[in-house]
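Structural description and commentary
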Amino acid sequence: MNINDSEKIKGILQTQGYEPATKEEEADLVILNTCTIREKPDQKVWSHLGEIKKLKSKNPNVKIGVCGCMAQRAGYEIASKMPFVDMVFGTKNIHRIPNLLEELRLGNRAIEILEQEDPLEEILDSYPTIRDNSYCAYVTIMRGCDKECTYCVVPFTRGKERSRAPQSIIDEVKSLVDSGVMEIHLIGQNVTAYGKDINYPFYRLLEDISKIEGVKRIRFTTGHPRDLTDEIIDVMAELPNMVNHIHLPFQAGSDRILDLMKRNYTKAYYLNRIERLKSKIKDVSFSTDIIIGFPTETEEDFEHTLDVIKTVEFEQVFSFKYSKRPNTPAYYMEDDLTDEIKTDRMKRLLEIQKAITSKLMKRYENTIQKVLIEDKKDNIYIGRTTTNVWCNVISDRDIMGKEVEVLITKSGFQSLEGTLKNVL
Ligand code: SAH
Ligand code: SF4
């Protein structure tokens, strides 16, 4: 979401006459887009701001802005502790950048953090988005989140769930494929809940996008298991351009912890979703997010998390030590597990996962995979398989921006290698 927001911010700035600086020191305006999901990103923001401050001593005219989730959550604190910051805006008023720039031109500090969603936010969709990747594009389909996971700061930083109009999404996808984009990555905090507010189910949007000529691949992030209906799974299985990979966070394996987290599902329900995906979608691969050491997590609870990992066999796991976030319901629970316990559980989990990933990566060897080439370093072309694994491809032909068939000759822990067989 932050990457896509930054792409949008670049687009808005362009309409205001700005262009990218080649060096930070030469910039007239520096905007730091921030994350606040855990405590670590917060700390990074404070230290990065210390670095950015130095730019002002070299160029007193440079304007410094802070936006994103941390600005939404703690923007006034940033403004008061960091007087050199000229502009602060939250996640709900990106569309107000032109007004904020006007404030700066008038010599004022531009601090604006909207508490409520602004109905005028829709004009964001009419601004250009400047993307670095010419072949794979993020498309925001919804903003905010209505779930109330007790550890999570997102509902406070991104606000209420609001779906973008299907036609606006379809128009953007059409213009993207016209400009050469092949992979459409639909994004939102909880895309499987898309359309609840406008009575337009997510699976219908998938069908609409699938029909657009030129869309070679569709991905989405992130789905919530609770909203992953049979219909969505069935449509995923039917659409020819839907990839065979899904990122489906489960967070914890113990029903007691899931309940405390207010995830609204059980371990059995999660595993049932995985079973259905496995039975419907050929060679489907999975990735997930896990929180380790939620308050009161016992060894027995943690064993359930390990059990899910062993049962599902995810190709990739993103695991995070629980981090207490201001204002969240879990903030008021004692963060009773020491860092040593969290680190030890994380280590054990990663060890088990390492063996699973290695085994899964081996199964690619000597198979033919479809790879969409999006980069090139020296003479090696780089792309991703439909299962989202990076693959280095050796080819004498120029295959940039092409979908190709590759014979996989070698598998590593995080990437594959292969030779070109066919250009599709
Ligand atoms: N909307 C997505 C998650 C967005 S946050 C979803 O519901 O799946 C990305 C990940 O950060 C979460 O999946 C969770 O694993 C992790 N996370 C969120 N809050 C956290 C916290 N307080 N401590 C540790 N990890 C957290
Ligand atoms: Fe946070 Fe839960 Fe919403 Fe994901 S679904 S953004 S974890 S509140």
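Residues numbered from 1 in each chain as written. Chains lettered and ligands numbered in written order. Predicted model: local features only at pLDDT ≥ 70, side-chain atom pairs only at ≥ 80, totals over all residues. Heavy atoms only, no water.

One pass over the structure, following the stated rule, counts three cavities of 30 Å³ or more. Of the voids in this model, the largest cavity is the one considered here, and its volume is about 80 Å³. Looking at the lining of the largest cavity, the elements with two or more residues in it are helix 1 (2-15) and strand 5 (136-140). Looking at which element gives the most residues to the lining of the largest cavity, the answer is helix 1, with three residues. (1 Å grid on protein atoms, 1.4 Å probe; cavity = no way out; pocket = protein on both sides within 12 Å on 5 of 7 lines; lining within 4 Å. Points joined across faces, edges and corners; volume = space filled by probe spheres on them. Helix = DSSP H or I, 4+ residues; strand = E, 2+ residues; numbered from the N terminus.)

As a further point, take the site of ligand 1. Taken together, 15 residues are adjacent to ligand 1, and Q189, P249, Q251, D289 and S323 come closest. Interatomic distance of 3.0 Å between a backbone N/O atom of Y151 and a nitrogen atom of ligand 1. Q189 has a polar backbone atom sitting 2.6 Å from a nitrogen atom of ligand 1. A total of 540 Å² of accessible area belongs to ligand 1 in isolation, and the protein chains cover 89% of it. If you list the elements that add at least two residues to the shell around ligand 1, you get strand 11 (285-292) and strand 12 (316-321). (Near = heavy atom within 4 Å. Polar contact = N/O pair within 3.5 Å; in protein donor to acceptor, adjacent residues only side chain to side chain. Areas by Shrake-Rupley, 256 points an atom, 1.4 Å probe, with all protein chains shown as cover.)

In this section: the domain arrangement of the protein chain. Assigned domains of the protein chain: these are domain 1 (2-112), domain 2 (121-362) and domain 3 (368-423). Taken over C-alpha atoms, the centre of domain 1 sits 37 Å from the centre of domain 3. (Domains from an automatic or database assignment.)

Let us look at unusual backbone geometry. The omega torsion of the bond from T221 to T222 falls at -5°, within 30 degrees of zero and hence cis. Tracing the backbone through its elements, the reader meets T222 in the loop between strand 9 (217-221) and helix 8 (230-238). Unusually for a residue other than glycine, T296 sits at a positive phi of about 75°. By the element assignment, T296 lies in the loop between strand 11 and helix 11 (299-312).

The next thing to look at is the sheet that holds strand 4 (residues 110-112). Ordered by their spatial adjacency, four strands build an open sheet running 1-2-3-4, and the pairing between neighbours is parallel. One side of each edge strand has no neighbouring strand; the edge strands of this open sheet are strand 1 (29-34) and strand 4. The sheet shows a mean angle of 15° between the axes of neighbouring strands, taken without regard to direction. Alignment of strand 1 against strand 2 (residues 63-68), held across six bridges, turns out to be parallel. Directly across from I31, in strand 2, lies its bridge partner G65. (Pairing = 2+ DSSP bridges. Axes fitted to C-alpha atoms, helices over the stretch in contact; angles between N-to-C directions.)

This next bit is on the pairing of strand 9. The side chains of a regular strand alternate, first on one face of the sheet and then on the other. For strand 9, a buried count of four out of five residues is recorded, marking the element as mostly surrounded by other parts of the structure. Strand direction decides the pairing type here: strand 8 (residues 183-187) and strand 9, joined by five bridges, are parallel. By the bridge assignment for strand 9, I187 is matched with T221. The handedness of the strand 8 to strand 9 crossover, carried by helix 7 (residues 202-211), is right-handed. (Buried < 20%, exposed > 50% of the residue type's maximum accessible area, 1.4 Å probe, protein only. Right-handed = clockwise from strand over helix to strand, strands pointing away.)

Now for the site of ligand 2. Near ligand 2, the surroundings consist of C145, K147, C149, Y151, C152, V154, P155, Q189, H224 and R263. Across the shell around ligand 2, the residue classes tally to six nonpolar, two polar and two charged. (Nonpolar A, V, L, I, M, F, W, Y, C, P; charged D, E, K, R; others polar.)

Attention shifts here to the sheet that holds strand 14 (residues 380-385). As summarised here, the arrangement of the five strands in space is 13-14-15-17-16, forming a closed barrel in which the pairing is mixed. With direction set aside, neighbouring strand axes in the sheet form an average angle of 50°. Here six bridges tie strand 13 (residues 368-377) to strand 14, and the two strands are oriented antiparallel to one another. If you follow I373 over to strand 14, its bridge partner there is G383.

We now examine the side chain of D289. Relative to the elements of secondary structure, D289 occurs in strand 11. Excluding anything up to four places from it in sequence, D289 contacts H247, P249, F250, Q251, F318 and F320. (Contact = heavy atoms within 4.5 Å.)

Here the focus is the packing of aromatic side chains. What the rule picks out here adds up to eight aromatic pairs. Geometrically, the ring pair formed by Y331 and Y332 is edge-to-face, given 5.4 Å between the ring centres and 85° between the ring planes. In textbook terms, an aromatic cluster arises when at least three aromatic residues are bridged by ring pairs, as seen for F250, Y265, Y269, Y270 and F314. Positioned above the aromatic ring of F320 is the side chain of R38, whose terminal nitrogen or guanidinium carbon lies 3.7 Å from the ring centre. (Phe/Tyr/Trp six-rings, centres within 6.5 Å; stacked < 30°, edge-to-face > 60°. Lys NZ or Arg CZ within 6 Å of the ring centre and 35° of its normal.)

This part takes up helix 7. The α-helix advances 3.6 residues per turn, and as a result positions three or four apart in sequence lie on the same side. What helix 7 keeps buried is the set F202, L205, L206, D208, I209 and S210. Contacts from the buried residues of helix 7 go to helix 6 (166-178), strand 8, strand 9 and helix 8.

In this structure the tally under the stated criterion is 42 salt bridges. With a closest N to O distance of 2.8 Å, E172 and R131 form a salt bridge. Of this pair, E172 sits in helix 6 while R131 sits in the loop between strand 4 and strand 5, placing them 41 residues apart in sequence. We classify E172 as buried; its relative accessible area is 15%. Close ionic contact of R348 with D344 constitutes a salt bridge, the shortest N to O distance being 3.3 Å. Taken together, the residues R348 and D344, both in helix 12 (residues 339-362) and four residues apart, mark about one turn of the helix. Looking at R348, the relative accessible area reads 27%, which means it is partly exposed. Assessed through its relative accessible area of 38%, D344 is described here as partly exposed. Among the charged side chains, a network of salt bridges with common partners joins E183, R217, R219, E374, R384 and E403. (Salt bridge = Lys/Arg side-chain N within 4 Å of Asp/Glu carboxyl O.)

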